[in-house]
Amino acid sequence: MGQPRCRRTAAAVTVLATLLTLGACAEERAAGPAKEPPKERSAAGAAGAAGSAAKARDGEPIADFLRRTIPGGPGGPGGTVIAARGDELAYCGGFGTADRAAGTPASCRTVYDVMSITKQFTAAAVLKLEVMGRLRVSDRISRFLGPVPEDKRDITIEQLLTHTSGLVEGLGDDYDPVSRDELVRQALASKPQSAPGKEFNYSNTGYSLLAAIVEKASGEGYEPFLARYLFGPAGMERTGYVLPRWPRHLVAVEYDSEGRSKGRPLDHPWAADGPYWNLRGNGGMLSTAEDMFRWHRALSGDAVLPERARQKLFAPRVRVPDSDDGWYGYGWAVRESPEGRVVWHDGGNDWSLAVLTRSLRDGVLVYWVSNHAYQDGKWNLEDQAEKLTLGIADRVRAEGD
């Protein structure tokens, strides 16, 4: 197998397991009237109105917390943080630069690769198709993918959603020019990791098969379906693979562990309609912090999915190995804390890192993303992820108390 760009393995749902202490309750709170995000603010400068309002119990604003938590100075990471409680935005700001060569500061409008957070979009698309009567998650994949070998005949759509299909983690490099039909053929011919439904084995290939099923069941392309039925109703005009057509200067440049530029996500080999199929459906979606807030807001009401479908999306279904009380639902990691239910997912590759966490009772959202995750021998944002995420959430909750 070729060396994949993305380190999108089982660690993606276990490395930040302690984040699941962000507590909430098992039922979602419906959002009130929608509010648009404010204009961009910089965490590196003075706290803006929203940022200065959200303080921890010791009175520290989010912006000050970010300044002392995130490595700074030349060669430091660039990224964006957004936090909310329900439909009330608490903070949105950038840190560092989105493009060092051009000196472009990161902001709330900066476009990033959200990596494996893409999986929740794919899962929501599957449930949307179920609401529309086009499929059932209990369907075997043979209903949509044609003849299936004996060792995979019992795989269901739900098993793809929960990483229990037994399929391999990946089939090659993200940028290999693999078509949908070739991806399906290779996946069905691959050696099983376990029997269907028996074990949790994190599988990017499984989510690419889900994207193929979305196309088969809907009769349209994966991204156009998401744009029509998820992103459009949520007001997410800056999320997608190629349809938004962002100005180039708004898309973040990514940097490797030695600080070298790896270009923008759109600079890498893609098909005309998005990434090739080793990546499609499981990663590679581009979005902004403002749109991730809109996604959070949409999932707090009926804008994209009715309540029953949202309950299915966030239900804990499969125990995650090496996690004391972590579960996986449909495209989301799930934990029942003493205070209630928390859902989250992270995304990571050799260059970038992102975390999205939602507490379902009090509606606290924390999302942060960086275009430079690691600096050899100096810092690693993965090591700071727990402190960063919990610290932001603490300050959001303190404002509401």
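The structure under discussion appears in the preceding block.
Quick caveat: nothing in here was measured; it's all calculated off a predicted structure.

Draft legend 1. The arrangement of the nonpolar core in detail. Phe 121, Leu 161, Leu 226, Trp 295, Leu 313 and Tyr 367 are the most contacted members of the largest nonpolar core, which totals 83 residues. In terms of residues, this core owes the most to one element, helix H7 (residues 204-218), which gives eight residues. Not counting chain neighbours up to four residues away, the residues in contact with Leu 161 comprise Ala 123, Val 126, Val 137, Tyr 207, Leu 210, Tyr 328, Gly 329, Tyr 330 and Gly 331. Formed by 24 residues, the second largest nonpolar core is a distinct cluster that contains Leu 353, Val 364, Trp 379 and Leu 381.

Draft legend 2. Here's a closer look at the state of the cysteines. Within this structure, the stated rule accounts for one disulfide. Linked covalently through their sulfurs, Cys 92 and Cys 108 form a disulfide whose S-S length is 2.1 Å. Separated by 16 residues along the polypeptide, Cys 92 in strand E2 (residues 88-95) and Cys 108 in the loop between strand E4 (104-105) and strand E5 (112-113) bring together distant segments of the chain. Taken individually, Cys 92 and Cys 108 each receive the classification buried, so the pair is uniform in this respect.

Draft legend 3. Looking closely at the packing of aromatic side chains. The final tally for this structure, using the stated rule, is seven aromatic pairs. Between Phe 121 and Phe 231, the ring centres sit 5.2 Å apart and the planes meet at 85°, which makes this aromatic pair edge-to-face. Of this pair, Phe 121 sits in helix H3 (residues 118-131) while Phe 231 is found in helix H8 (residues 222-234), placing the two residues 110 residues apart along the sequence. Both residues of the pair, Phe 121 and Phe 231, count as buried. Judged by centre distance (4.9 Å) and plane angle (75°), the ring pair of Phe 121 and Trp 295 falls under edge-to-face. Residue Phe 121 is located in helix H3, and its partner Trp 295 is located in helix H9 (residues 289-299); the two are separated by 174 residues in the primary sequence. For the pair shown, Phe 121 and Trp 295 are each scored as buried. An aromatic cluster is defined as three or more aromatic residues linked by ring pairs; in this entry it consists of Phe 121, Phe 231 and Trp 295. Its guanidinium or amino end placed over the ring of Tyr 255, Arg 100 lies 4.1 Å from that ring's centre, counting from NZ or CZ. Over the aromatic face of Phe 65 sits the side chain of Arg 395, whose NZ or CZ is 4.1 Å from the ring centroid.

Draft legend 4. Spotlight on the packing of H3 against H8. Viewed as axis vectors pointing N to C, H3 and H8 meet at an angle of 75°, and their least axial separation amounts to 10 Å. It follows from the interaxial angle that H3 and H8 lie roughly perpendicular. Facing Thr 118, Phe 121, Thr 122, Ala 124, Ala 125, Lys 128 and Leu 129 of H3, the residues of H8 in contact are Tyr 222, Phe 225, Leu 226, Tyr 229, Leu 230 and Phe 231. Tallied by class, the residues present in the contact of H3 with H8 amount to ten nonpolar, two polar and one charged.

Draft legend 5. Highlighting the side chain of Gln 120. By the secondary structure assignment, Gln 120 is in helix H3. A relative accessible area of 0% means that Gln 120 is categorised as buried. A polar contact of 2.8 Å, which involves the side chain of Gln 120, links it to the side chain of Trp 295. Apart from residues no more than four positions distant in its own chain, Gln 120 is found in contact with Trp 295, Gly 331, Trp 332, His 345 and Leu 356.

Draft legend 6. Spatial organisation of unusual backbone geometry. One non-glycine residue, Met 115, lies in the positive phi region at around 60°. In this structure, Met 115 sits in the loop between E5 and H3. Here the phi dihedral of Arg 245 falls at roughly 50°; this positive angle occurs in a residue that is not glycine. Inspection of the secondary structure puts Arg 245 in the loop between H8 and strand E6 (286-287). Judged by relative accessible area, which is 69%, Arg 245 ranks as exposed.

Draft legend 7. A look at the pattern of salt bridges. Enumeration over the complete set of coordinates arrives at 24 salt bridges. Taking the shortest distance from any N to any O, the salt bridge between Arg 140 and Asp 154 comes out at 3.2 Å. Note that Arg 140 is positioned in the loop between H3 and helix H4 (142-145) and Asp 154 in the loop between H4 and helix H5 (157-161), a separation of 14 residues in sequence. Owing to a relative accessible area of 44%, Arg 140 belongs among the partly exposed residues under this scheme. Among the salt bridges present, the one from Glu 258 reaches Arg 260, with a minimum N-O distance of 3.3 Å.

Calculation rules
Residue positions are given per chain, counted from 1 along the sequence in the order it is written. Since the coordinates come from a predicted model, pLDDT governs what is reported: local features require at least 70, and pairs of side-chain atoms require 80 or more to be given and counted, while whole-chain, interface and lining totals use all residues. As a rule here, side-chain values come from all non-hydrogen atoms in the structure, and water together with hydrogens is ignored. For this analysis, a nonpolar core means a set of buried residues of the types Ala, Val, Leu, Ile, Met, Phe, Trp, Tyr and Cys, connected via side-chain atoms within 4.5 Å. The cut-offs for exposure are 20% and 50% of the maximum accessible area for each residue type, with area from a 1.4 Å probe on protein chains only; residues under the lower value are buried, those over the upper are exposed, and the others partly exposed. Counting from the N terminus, the helices are DSSP H or I runs at least four residues long and the strands are E runs at least two residues long. Two residues qualify as a contact provided that any one of their heavy atoms is within 4.5 Å of a heavy atom in the partner residue. Our working definition of a disulfide is a cysteine sulfur pair at a distance within 2.5 Å. Each aromatic pair joins two rings of Phe, Tyr and Trp (for Trp, the six-membered one) with centres within 6.5 Å, and gets the label stacked for planes under 30 degrees apart, edge-to-face for over 60, and tilted for any other angle. The rule is short: NZ of Lys or CZ of Arg within 6 Å of the ring centre and within 35 degrees of the ring normal puts a charge over the ring. Angles here are taken between N-to-C directions and fall from 0 to 180 degrees, while the axes themselves are lines fitted to C-alpha atoms, restricted in helices to the stretch in contact. Reported orientations rely on four angle classes, namely roughly parallel under 35 degrees, roughly antiparallel over 145, roughly perpendicular from 65 to 115, and oblique for the rest. The residue classification treats Ala, Val, Leu, Ile, Met, Phe, Trp, Tyr, Cys and Pro as nonpolar and Asp, Glu, Lys and Arg as charged. All others, Gly included, are polar. Under the rule applied, a polar contact is a pair of N or O atoms within 3.5 Å (in protein, one hydrogen donor and one hydrogen acceptor; residues adjacent in sequence only if both atoms are side-chain atoms). When a carboxyl oxygen of Asp or Glu is within 4 Å of a side-chain nitrogen of Lys or Arg, the pair counts as a salt bridge.

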